[in-house]
Structures are given as C-alpha cells and as structure tokens.
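Architecture at a glance
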Amino acid sequence: MEKYYVGIDLGGTSVKMGLFSDRGELKEKWSIPTDTSDRGSHIIDDIVAAVEKKSEEVQGTIIGLGMGVPGPVSEEGLVHECPNLGWSEVAVRDLIKDKTGIARVAVGNDANVAALGEMWKGGGRGFDSIVMITLGTGVGGGVILGGKILSGANGGAGEVGHILVNPDETQVCGCGKKGCLEQYASATGVVRLAKKYQKPESVLAQKDKINCRVVFDAAKEEDPYALEVVDQFAKYLGRALGTIAQVVNPEAFVIGGGVSNAGDIIMDNVVPYFKESVIAPLRDTKFAFAQLGNDAGIYGAVRLVL
C-alpha cells in the first residue's frame, strides 16, 4: 500500500490540503470549508474526516500530517488563541493524533509554515535561513533559521507586521497599537497612504476606485503622488527589514502576498532603504519574490513531518 503525507493550511474561510508522496511530490490538492461555528469545535473532526476519505480514495496510508494554523502555536502543537477560528487553548496536535492514529503530526503558525515551504520549494530555495514577509491585507512574517522555524517562547515570533515604525502615527492599527508596519506596507496601508497623498492633478484622482495595484501602476507611470506613496511604503518596509536583519541575520528575505505582484518596483525602492539602515556585513542580504503562491502553506506544512 502506497504511503503518503498530508500538508494542511488552515484558514478562517477554507482548509487547503495537499497529498504528497514520501519524496515530497505534490500528488493532489483539495479544500473544504472551515466551519467556525460553536467556537470552531467542528474543525478538527472535519479535517480528520477529509483526510480519512482521501486515504480511502487513493487506497494508501497517511503516515505523516503537518498543519499551519492562523495563530501562535507552541512546540507541543497547542494553539493558545486564534480568534478567527474561535479557538482558545486547543491541543491541535494531540487531538489529530488521537483521532487519526497518525504518529507523525506537527502543527505550526501559518506564516512560519509558509516560510518553510518557500525555503524548501519556492523563492527561498538554496538558503537555510530566510525571513518571509507576506504583504497582503495585513503584513505577516515567518522566520527560518538553520532550516528550522523560529517560533519563540510561546509561538508568537514572526509578527513583523506589528513592529513599531512610526511613533507619531495617530490612527490605530487593527492590533490596537499605533504606527505598526502593517499600517504602511499592507495593501490596505498603501491605499491609506494614497488617500493621504492624493492631489487633484494626480492620476489617482482620476480613478473611480483606488487599490494597491492602481497605486503601483500609477507610480510606474511616474505620477509624482503615487511615487511619494511608494517611497513611504518602501521607507517603512526597508527600515523594518533592516531591524529584523540586525537581529536574526537571514541569508535572504522572501517577499510574498498580493502586494508583491507589483514586481520589481518593490525591490527597486525597498532594498536601498534596507541597505542604508544596516551595518556593512548585512548589506549583501539577498531579496527574492515568493514563488508558491497559495500553495506555500501546504508545502511548508508537509515539510514539518517529511
């Protein structure tokens, strides 16, 4: 009977799953809805049922299962708090082991797990130590040092989106603080900056709706106000990455998320601010774009156990 591994990326809306061979080849991927009713009490059972169904379909044995969860996770696979799922103090690893009988089960924070996936099969390939920055609706981060996830004392490492970058900010971040990186480098942050710098003569003022892509496209057309937005975005992000580099000294930063679709204009503007903010030995830190897209989580999850 064929032996397989399963990688799971648990999100607030859907649970993405991948079936892998023992050589790390993705054989199949599928998803199920995330049932967050009753404080997420059905999620584990739904995942177990989906894994067992897939095992029957392929007539194989699942010998390892890894999972990324959108919240802090301890080394023992305990999720302390995950508001998007309704979870608090849920022993995810032990529950899955007990319900499936699978001996090799590992659970990690989703951003850290995605970073592991990118290091293994994506933009971070060839490096042992990377920091992945995900620029989406928010700003997430994952730290891999010496090939291993840096989780922190209670699973909270890698929360780069809430690094303080502007102590003079008056608006409140979603986390309750003010001046977080997420307020400037996320997709919503870029739009917020665009509204701040928008002028009647700007290309942006002629758009019915401003989104992140519109801002970066206008900057590529050398609209001065869009360029100012991109410069502010790059300044805060580049300097924050400089701070991170001087603490963990990664070989490379891997930039992903929807904002990264803007392409080279990001690197062209962020890297100079990064280099001016770090000591000389760190200025050769590499930068790369993520390559796995939405599959980074399932690749990283299976890497936890493969």
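A few points on the structure. By convention here, each chain's residues receive numbers from 1 onward along its written sequence. In keeping with the predicted nature of the model, local features appear solely for residues at pLDDT of at least 70, side-chain atom pairs appear and are counted solely at 80 or more, and the whole-chain, interface and lining totals rest on all residues. To obtain the side-chain values, all non-hydrogen atoms of the structure were included, while hydrogens and water were left out.

Helix and strand counts for the protein chain stand at 10 helices and 12 strands. Here the globule rule reads 2.2 Å times residues to the power 0.38, and the radius of gyration is calculated from C-alpha atoms. The C-alpha radius of gyration of the protein chain comes to 20 Å, within 12% of the 19 Å expected for a compact globule of 306 residues. Sorting the 306 residues of the protein chain into buried and exposed places 51% on the buried side. Contacts were defined at the residue level, with two residues in contact if any of their heavy atoms lie within 4.5 Å. A separation threshold of at least 6 residues defines the contact pool for the protein chain, and within that pool the share at least 24 residues apart is 60%. Counting every atom, the protein chain has about 14000 Å² of accessible surface; 46% of that belongs to carbon and sulfur. In DSSP terms, a helix is any run of H or I states spanning at least four residues, a strand is any run of E spanning at least two, and both are numbered starting from the N terminus. Accessible area is worked out with a 1.4 Å probe on protein chains only. A residue is then buried under 20% of its type maximum, exposed over 50%, and partly exposed in between. Computed with the Shrake-Rupley method and a 1.4 Å probe, the accessible areas treat only the protein chains shown as cover for residues.

In an α-helix, one turn spans 3.6 residues, which is why side chains three or four residues apart end up on the same side. Within helix α6 (residues 187-197) the residues assigned to the buried category are Gly189, Val190, Val191, Leu193, Ala194 and Tyr197. Looking at the buried side of α6, the elements it contacts are α5 (182-185), α7 (212-220) and α8 (224-248).

Side-chain atoms within 4.5 Å link the members of a nonpolar core, which is a set of buried Ala, Val, Leu, Ile, Met, Phe, Trp, Tyr and Cys residues. Ile133, Leu135, Phe216, Phe233, Leu237, Leu241 and Phe253 are the most contacted members of the largest nonpolar core, which totals 46 residues. Secondary-structure elements contributing two or more residues to this core are β8 (130-135), β9 (139-145), α5, α6, α7, α8, β11 (252-256) and α9 (264-277). Per-element accounting of this core gives the leading share, 12 residues, to α8. Beyond its immediate chain neighbours, meaning those up to four positions away, Phe216 contacts Val190, Val230, Phe233, Val259, Ala262, Ile265 and Ile266. Trp30, Ile62, Val90 and Val107 belong to the second-largest nonpolar core, a separate cluster that totals 30 residues.

Structurally, Lys54 is set in helix α2 (residues 43-58). Beyond its immediate sequence surroundings of up to four residues, Lys54 is in contact with Leu19, Glu28 and Trp30.

Time to look at the pairing of strand β3 (residues 26-33). The criterion for strand pairing is that DSSP finds at least two bridges linking the strands in question. Pairing between strand β2 (residues 14-20) and β3: 7 bridges, direction antiparallel. Note on β3: the bridge partner recorded for Lys16 is Ser31. Hairpin geometry of β2 and β3 is characterised by an intervening segment of 5 residues between the two adjacent antiparallel strands and by a positive phi of about 80° at Gly24.

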